[in-house]
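Each chain, written out:
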Amino acid sequence: MSVPKGDVFLAGVGGQGTLLASEVLCEAFLLSGFDVKKSEVHGMAQRGGSVTTHLRFGPKVFSPLIEPGKADLLIAFEKMEALRFAHYLRPGGAMVVNAQEIFPPSVATGKERYPQDVAERLRAVTDRLHMVDALATALSMREVRAVNIVLVGAASHFLPLPEDAYEEAMKAHLPSMLVAVNVQAFRAGRALLQPA
């Protein structure tokens with residue numbers, strides 16, 4: 001049996017836990033016997049700027065960078081970030097998008113307006129668009145910092161990994177007192193989607 005391969009692009013805003021989510025994903029792939037390469041761009045992360053991660057997995061991966069139009073899965077932690085990086089998705093690729101809106105400084109100061117038609121524009125990119133309210137799910141657990149792991153749970157439907165690999169990866173990257181709530185967040189995120 002051949003080992004599957006794929007390209008995952010993560011996009012978010014500084015402070016959303018995008019990098020921790022990518023660490024957990026990488027660890028889960030490694031624990032499951034995949035070769036993994038990743039590359040991060042932090043930008044103005046401290047100031048609410050874009051944070052992106054290229055993550056590639058397979059039997060052997062030589063380069064961490066994903067070319068535009070080649071990602072199998074785009075995981076976006078904020079709606080406009082999904083739109084900003086939608087060109088990385090391959091035709092027929094899947095997109096898991098947090099329905100949250102985080103206004104960039106230009107919108108917050110009134111210089112620009114947040115687009116109202118983001119979901120429609122994303123549907124024009126792929127018919128495999130899955131919008132989830134990861135923030136509401138995390139808030140229902142009284143753990144707003146778990147939004148990133150809720151999203152990982154939702155996106156796990158599109159990745160060839162067993163559920164226990166995510167749990168082991170969380171144990172490796174989180175303080176022990178935070179593992180249980182993040183495992184709960186992962187499961188809650190997984191329950192948000194029932195893809196066909």
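A quick note: this is a predicted structure, and the numbers were derived from the prediction, not measured. (Residues numbered from 1 in each chain as written. Predicted model: local features only at pLDDT ≥ 70, side-chain atom pairs only at ≥ 80, totals over all residues. Heavy atoms only, no water.)

Detailed reading of the predicted coordinates is not advisable wherever pLDDT is low. In the predicted model, the protein carries a mean pLDDT of 92, and 94% of its residues have values of at least 70. Looking across the protein, the model is least confident in helix α3 (residues 105–108), with a mean pLDDT of 77, and most confident in strand β4 (residues 71–76), with 98. (pLDDT = per-residue confidence, 0-100. Helix = DSSP H or I, 4+ residues; strand = E, 2+ residues; numbered from the N terminus.)

All right, on to the sheet that holds strand β5 (residues 89–98) then. Pairing within the open sheet is mixed, and its 6 strands lie in the order β2-β3-β1-β4-β5-β6. Edge positions in the sheet fall to β2 (35–41) and β6 (129–132), since each has one partner strand and no second. Going across the sheet, the axis of each strand differs from the next one's by a mean of 15 degrees, ignoring polarity. In the sheet, strand β1 (residues 6–13) pairs with strand β3 (residues 50–58) via 8 bridges, with the strands oriented antiparallel. Residue pairing in the sheet places Gly12 in a bridge with Val51 of β3. Packed on one face of the sheet, helix α6 (residues 147–155) meets β4, β5 and β6 and runs near 140 degrees to β5. (Pairing = 2+ DSSP bridges. Axes fitted to C-alpha atoms, helices over the stretch in contact; angles between N-to-C directions. Contact = heavy atoms within 4.5 Å.)

Okay, the nonpolar core next. Across soluble globular proteins, you tend to see nonpolar side chains buried next to one another. Formed by 42 residues in total, the largest nonpolar core has its most connected members in Leu55, Ile75 and Tyr166. At 7 residues, the largest contribution of residues to this core is made by α6. For Tyr166, the contacting residues outside a window of four places in its chain are Val24, Leu25, Ala28, Val152, Ser156, Leu159, Leu161 and Phe186. Core analysis: the second largest hydrophobic core is formed by 20 residues, Leu83, Val97, Tyr114 and Leu122 among them. (Core = buried A, V, L, I, M, F, W, Y, C linked by side-chain atoms within 4.5 Å. Buried < 20%, exposed > 50% of the residue type's maximum accessible area, 1.4 Å probe, protein only.)

This part takes up the pairing of β5. Counting buried positions along β5 gives 7 out of 10 residues, so the element sits mostly inside the fold. Where β4 meets β5, 5 bridges bridge the pair, whose relative direction is parallel. When the bridges of β5 are listed, Ala76 appears paired with Val97. The parallel pair β4 and β5 is bridged by helix α2 (residues 79–84), and the resulting crossover is right-handed. As paired strands, β5 and β6 are joined by 4 bridges and run parallel to one another. Each bridged residue has a counterpart across the sheet, and for Asn98 the counterpart in β6 is Val132. (Right-handed = clockwise from strand over helix to strand, strands pointing away.)

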